[in-house]
Amino acid sequence: DKGPYPYYMLKEIDEQPNVMRKLAALYTQESGKPNIDTNLINALSEADRIYIVGAGTSYHAGLVGKKLFEKLAHVPTEVHIASEFAYDDPLLSEKPFFIFLSQSGETADSREVLVNVNANDYKSLTITNVENSTLFREATYTMLLHAGPEISVASTKAYTAQIAVEAILAKALGEAKEQTIAEDFDIRQQLGLVATGMQAIIDEKDMIEGLAKKYFVPAPRAFYIGRGIDQTVSLESALKLKEISYVQAEGFASGELKHGTIALIEEGTPVIGIITQRKTANLTRSNLQETMSRGASTFTIVRRELALDGDTIVIPDVDEMITPLLSVVPAQLIAYFTSLNKGLDVDRPRNLAKSVTVE
Ligand code: M6R
């Protein structure tokens, strides 16, 4: 039931702060220590490499997961698009561990990989929102997203829930491997900050709708740019805009624009820079400037510590490792309001199904 909401997507965006609180309560203890199946952590600890597999938004959540597992647990991690990995001849490490990310647990491309994984007796974990789904049943271990049903075709709360679960898991694995950075990372407290921060962004809806109406509704194309973890969010942000607003959008590594793609910038092309990392903030700002001098209408989604006068959307401070949990929210809202103001069916965009059960 949508309750007072015109579309499920807006309801699901609004539910994100509560999902964060719920995951913190379920998967961490009051002391801040993760509360995760020890058999799973032991199996993961034996792996020399983690392979994350997913499609669409779940793949994008995997890209964030790679950074978390490598930083907090020091385990090399690869992320693969399920439909590609299934028919590649991957050269695997000696002790691989597979993590399947899937909101529905029914994505055929991911299942095809899992069938091969099981045929080779490798260990796996499915992180899904749907208990007893196919990927849930067929993996060695499972963790639930506890996000509640996600009805809108555009995935929102499943993405942030997947990242939160990956962060808790990466901390647990890092602690098992006695990594100081993992021991010092207070994920429980961080998820509390994330919940409050998400709410603060959601409270800025009207401002974001104004931007969507003025700049994104008339735009045939748009760009999200960023570096590192911000680049992964740019991919997810662009996917949202494409699938429900039918704006041809690209997520791009900001430093790579000048190597060709900047040719597409015209007068008024919206370019949004995502800036949450100290190390690369100035670089992305100058890449954004390069597009502005070629006529782009530029916007920023900036973490407060790095904000300057004139920044468009300032998001609250959280640990740099988990900024996607906040930086994606304005992008979800931009896509929602662009679609809404174009008079499109936000929840049921053309040509798409909620879960893709054919390869
Ligand atoms: O159910 P899954 O997470 O496995 O679905 C994967 C993709 O089909 C899904 O994320 C899709 O890209 C969404 N429509 C994106 O909003």
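Up top is the structure.
Worth saying up front: this structure is predicted, and the values here are computed from it rather than measured. (Residues numbered from 1 in each chain as written. Predicted model: local features only at pLDDT ≥ 70, side-chain atom pairs only at ≥ 80, totals over all residues. Heavy atoms only, no water.)

(A) Focus on the overall build of the protein. Assigned secondary structure in the protein consists of 14 helices and ten strands. Its C-alpha atoms give the protein a radius of gyration of 20 Å, near enough to 21 Å, the size a compact globule of 359 residues would have. Projected onto the principal axes, the alpha-carbon positions of the protein cover approximately 55 × 45 × 40 Å. In the protein, buried positions account for 57% of the 359 residues. Of the contacts formed within the protein by residues at least 6 apart in sequence, a portion of 76% connects residues at least 24 apart. If you sum the accessible surface of the protein, you get close to 14700 Å²; carbon and sulfur atoms cover 46% of it. (Helix = DSSP H or I, 4+ residues; strand = E, 2+ residues; numbered from the N terminus. Rg over C-alpha atoms; globule rule 2.2 N^0.38 Å. Buried < 20%, exposed > 50% of the residue type's maximum accessible area, 1.4 Å probe, protein only. Contact = heavy atoms within 4.5 Å. Areas by Shrake-Rupley, 256 points an atom, 1.4 Å probe, with all protein chains shown as cover.)

(B) Focus on helix α14 (residues 324-341). With 18 residues, α14 ought to run about 26 Å at 1.5 Å a step, and its terminal C-alpha atoms sit 26 Å apart, in line with that. The element α14 is extensively covered by neighbouring structure, given that 16 of its 18 residues are classed as buried. Just downstream of α14 lies G343, where phi reads positive at about 75°. (Expected span 1.5 Å × (residues − 1).)

(C) A look at the nonpolar core. Ranked by internal contacts, the top residues of the largest apolar core, which has 92 residues, are I99 and L169. The biggest single contributor to this core is helix α8 (residues 157-176), with twelve residues. Not counting chain neighbours up to four residues away, the residues in contact with I99 comprise I50, Y51, I52, V53, F69, L125, I127 and L169. With twelve residues, the next largest nonpolar core counts A86, F100, L114 and L135 among its residues. (Core = buried A, V, L, I, M, F, W, Y, C linked by side-chain atoms within 4.5 Å.)

(D) Region of the structure containing the sheet that holds strand β10 (residues 313-315). Strand order in the open sheet formed by five strands is β7-β6-β8-β9-β10, with parallel pairing between adjacent strands. If you trace the sheet from one side to the other, it starts and ends with β7 (248-253) and β10, each paired once. Between one strand axis and the next, the sheet turns by 15° as a mean value, whatever way the strands run. With respect to the sheet, helix α12 (residues 229-245) is in contact with β6 (221-226), β7 and β8 (270-275), its orientation differing from that of β7 by roughly 175°. Sitting on the sheet, helix α13 (residues 281-292) is in contact with β6, β8 and β9 (297-303), with an inclination near 175° to β8. (Pairing = 2+ DSSP bridges. Axes fitted to C-alpha atoms, helices over the stretch in contact; angles between N-to-C directions.)

(E) Quick look at the sheet that holds strand β2 (residues 77-81). Spatially, the five strands line up as an open sheet ordered β2-β1-β3-β4-β5, and their pairing is parallel. Of all strands in the sheet, those bounded by a partner on one side alone are β2 and β5 (141-144). For this sheet the average axis-to-axis angle between neighbouring strands, irrespective of direction, equals 20°. Bridging between strand β1 (residues 49-54) and strand β3 (residues 96-102) involves five bridges; their strand directions are parallel. By the bridge assignment, I52 is partnered in β3 with I99. On the sheet, helix α3 (residues 38-46) packs against β1, β3, β4 (123-128) and β5 and is oriented at approximately 120° with respect to β5. The strands that helix α6 (residues 108-119) touches are β1, β3 and β4; relative to β3, the one it contacts most, it runs at about 155°.

(F) Looking closely at the pattern of salt bridges. All told, the structure shown has 19 salt bridges when counted by the stated rule. Note that K354 is salt-bridged to E150, the shortest N-O span being 2.7 Å. On the criterion of sequence distance, the pair formed by K354 in the segment after α14 and E150 in the loop between β5 and α8 is long-range, its members being 204 residues apart. Note on E150: relative accessible area 6%, which makes it buried. (Salt bridge = Lys/Arg side-chain N within 4 Å of Asp/Glu carboxyl O.)

(G) Looking closely at the site of the ligand. Near the ligand lie 14 residues; those nearest to it are S58, S102, S104, T107 and E243. In this structure, T57 approaches the ligand through a main-chain N or O atom, which is 3.1 Å from an oxygen atom. When contributions to the shell around the ligand are tallied by element, the ones reaching two or more residues are α4 (56-73) and α12. Class assignment for the residues of the shell around the ligand results in four nonpolar, eight polar and two charged. (Near = heavy atom within 4 Å. Polar contact = N/O pair within 3.5 Å; in protein donor to acceptor, adjacent residues only side chain to side chain. Nonpolar A, V, L, I, M, F, W, Y, C, P; charged D, E, K, R; others polar.)

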